[in-house]
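Here is what each chain is made of, one letter per residue.
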Amino acid sequence: GQQVMQIPQYQHVQEGEDFTTYCNSSTTLSNIQWYKQRPGGHPVFLIQLVKSGEVKKQKRLTFQFGEAKKNSSLHITATQTTDVGTYFCAETRYNFNKFYFGSGTKLNVKP
Amino acid sequence: NAGVTQTPKFQVLKTGQSMTLQCAQDMNHEYMSWYRQDPGMGLRLIHYSVGAGITDQGEVPNGYNVSRSTTEDFPLRLLSAAPSQTSVYFCASSLRDRAGDTQYFGPGTRLTVL
């Protein structure tokens, strides 16, 4: 079954507001990946985090991996309408190259 | 490069029919996977392959078969379609590079089983 739980399920924000989605696991994760899926589209890889406490930034997006490697977050500063979509976290299993996805957070941005 | 391609884009089947969803990649990736996506469920792994001739089951393999005779192709076969298999199916290939296990997805096949 799913190894990672993602919250919230939905988020509606006004353009310019910040947004955060969280990914939580009861077990230690080997790594965590984040994907974005636009409505009607396919998932697109954003980033992978591997190290405990790791923080990575991509323009307005900030990704964090918890110190215990049991949680991760994606934060978007000053959302834009182009940020609309569903954001998924996923855990990979290096030995078998299996990917387990969270259920996703659907972001809607009102202009 | 075309990346990951999937055919068909849409398909309607009757219960009990069989069909094959095609997936091909031209990036010489060793790893390929099939997922299904249902509303509110995220993506669930059906089958995956770590190279030509090697396949294994994912989370939800029942009712599906795969084979990997070449690096490029990874078809998914529905043996006897059921309404529970109505879903969007994504094929993906992955390459371990500096970004990590970067996974590239195809555009998907929307399958309806009546």
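Check the entry above for the structure.
Our subject in this report is the structure included herewith.

Cut-offs applied
What you see as residue numbers is a count from 1 along each chain, following the sequence as written. Following the order in which they are written, the chains are lettered starting with A and the ligands numbered starting with 1. Local features are withheld for residues below a pLDDT of 70 in this predicted model, meaning they are given only at 70 or higher, and side-chain atom pairs are given and counted only at 80 or more; totals for whole chains, interfaces and linings count all residues. The side-chain numbers reported here are obtained from all heavy atoms of the structure, hydrogens and water having been left aside. For two strands to count as paired, DSSP must find a minimum of two bridges between them. Only runs of H or I of at least four residues qualify as helices and only runs of E of at least two qualify as strands under DSSP, and these elements are numbered from the N terminus. An axis is simply a line fitted to the C-alpha atoms; with a helix, the fit covers only the stretch in contact. Between two such axes, the angle follows the N-to-C directions and lies from 0 to 180 degrees. Buried residues of nine kinds, namely Ala, Val, Leu, Ile, Met, Phe, Trp, Tyr and Cys, make up a nonpolar core once their side-chain atoms join them within 4.5 Å. Relative accessibility thresholds used throughout: buried, under 20% of the residue-type maximum; exposed, over 50%; partly exposed, between the two (1.4 Å probe, protein chains only). It only takes one pair of heavy atoms within 4.5 Å for two residues to be counted as in contact. In this analysis, rings of Phe, Tyr and Trp, with Trp reduced to its six-membered ring, are considered paired at centre separations within 6.5 Å, and the interplanar angle assigns stacked below 30 degrees, edge-to-face beyond 60, and tilted for intermediate values. Charge-over-ring placement is defined geometrically: NZ (Lys) or CZ (Arg) within 6 Å of the ring centre, and within 35 degrees of the ring normal. Defined in terms of a 1.4 Å probe, buried area is the accessible area two parts forfeit on being brought together, summed over both. For salt bridges, the criterion is a side-chain nitrogen of Lys or Arg within 4 Å of an Asp or Glu carboxyl oxygen. Definition of a polar contact: a pair of N or O atoms within 3.5 Å, with one able to donate and the other able to accept a hydrogen when the atoms are protein atoms, and with sequence-neighbouring residues admitted only if both atoms are side-chain atoms. Ten residues, namely Ala, Val, Leu, Ile, Met, Phe, Trp, Tyr, Cys and Pro, are considered nonpolar, four, namely Asp, Glu, Lys and Arg, are considered charged, and the remaining ones, Gly among them, are considered polar.

### Focus: the sheet that holds strand β3 (residues 19-24) of chain A
All names here are of chain A.
- Taking strand neighbours across the sheet as the criterion, the 5 strands line up as β1-β3-β8-β7-β6 in an open arrangement whose pairing is antiparallel. At either margin of the open sheet sits one strand with a lone partner, and together these are β1 (5-7) and β6 (55-58). Across the sheet, the axes of successive neighbouring strands diverge by a mean angle of 15 degrees, strand direction being ignored.
- When β3 meets strand β8 (residues 71-76), the two strands line up antiparallel, connected through 6 bridges. Across the sheet, residue Thr 20 finds its bridge partner in β8, namely His 75.

### Brief notes about the nonpolar core
- If you look at the biggest cluster of nonpolar residues, it comprises 19 residues, and the most contacted ones within it are A:Ile32, A:Trp34 and A:Phe63.
- Of all the secondary-structure elements, those providing two or more residues to this core are β3, β4 (32-37), β5 (43-49), β7 (61-65), β8, β9 (85-93) and β11 (105-110) of chain A.
- When sequence neighbours within four positions are dropped, the list of residues in contact with A:Phe63 reads A:Trp34, A:Leu46, A:Ile47, A:Leu49, A:Glu54, A:Val55, A:Lys56, A:Gln58, A:Ser73 and A:Leu74.
- B:Leu21, B:Val66, B:Tyr89 and B:Val113 belong to the second-largest nonpolar core, a separate cluster that totals 18 residues.

### Focus: the packing of aromatic side chains
- On inspection of all chains with the given rule, the structure shows 10 aromatic pairs over all chains.
- When the ring of B:Phe90 is compared with that of B:Phe105, the centres are 6.3 Å apart and the planes differ by 85 degrees; the resulting orientation is edge-to-face. Taken together, the residues span a long stretch of sequence, with B:Phe90 in strand β9 (residues 87-97) and B:Phe105 in strand β10 (residues 100-105) at a distance of 15 residues.
- When its relative accessible area of 6% is taken as the criterion, B:Phe105 is described as buried.
- Ring-pair connections join several aromatic residues into one group, and the members of that group are A:Tyr35, A:Phe45, A:Phe88, A:Phe101, B:Tyr35, B:Phe90 and B:Phe105.
- A cation sits over an aromatic face here: B:Arg68 above B:Phe74, 6.0 Å from the ring centre.

### Here's the deal with the interface of chain B and chain A
- Listed as interface residues are 24 residues of chain B and, on the opposing side, 23 residues of chain A.
- Overall, the association of chain B and chain A removes approximately 1,900 Å² of surface from exposure, summing both partners, and the carbon and sulfur fraction of that is 53%.
- Between chain B and chain A we count 0 salt bridges in total.
- Linking chain B with chain A are 2 residue pairs in polar contact (both at pLDDT 80 or more).
- Counting residues per element, the ones that place at least two in the side of chain B that touches chain A are β4 (31-38), β5 (42-51), β9 and β10 of chain B.
- Broken down by class, the residue content of the side of chain B that touches chain A amounts to 11 nonpolar, 9 polar and 4 charged.

Fair warning: the whole summary comes from geometry, so function is off the table for now.
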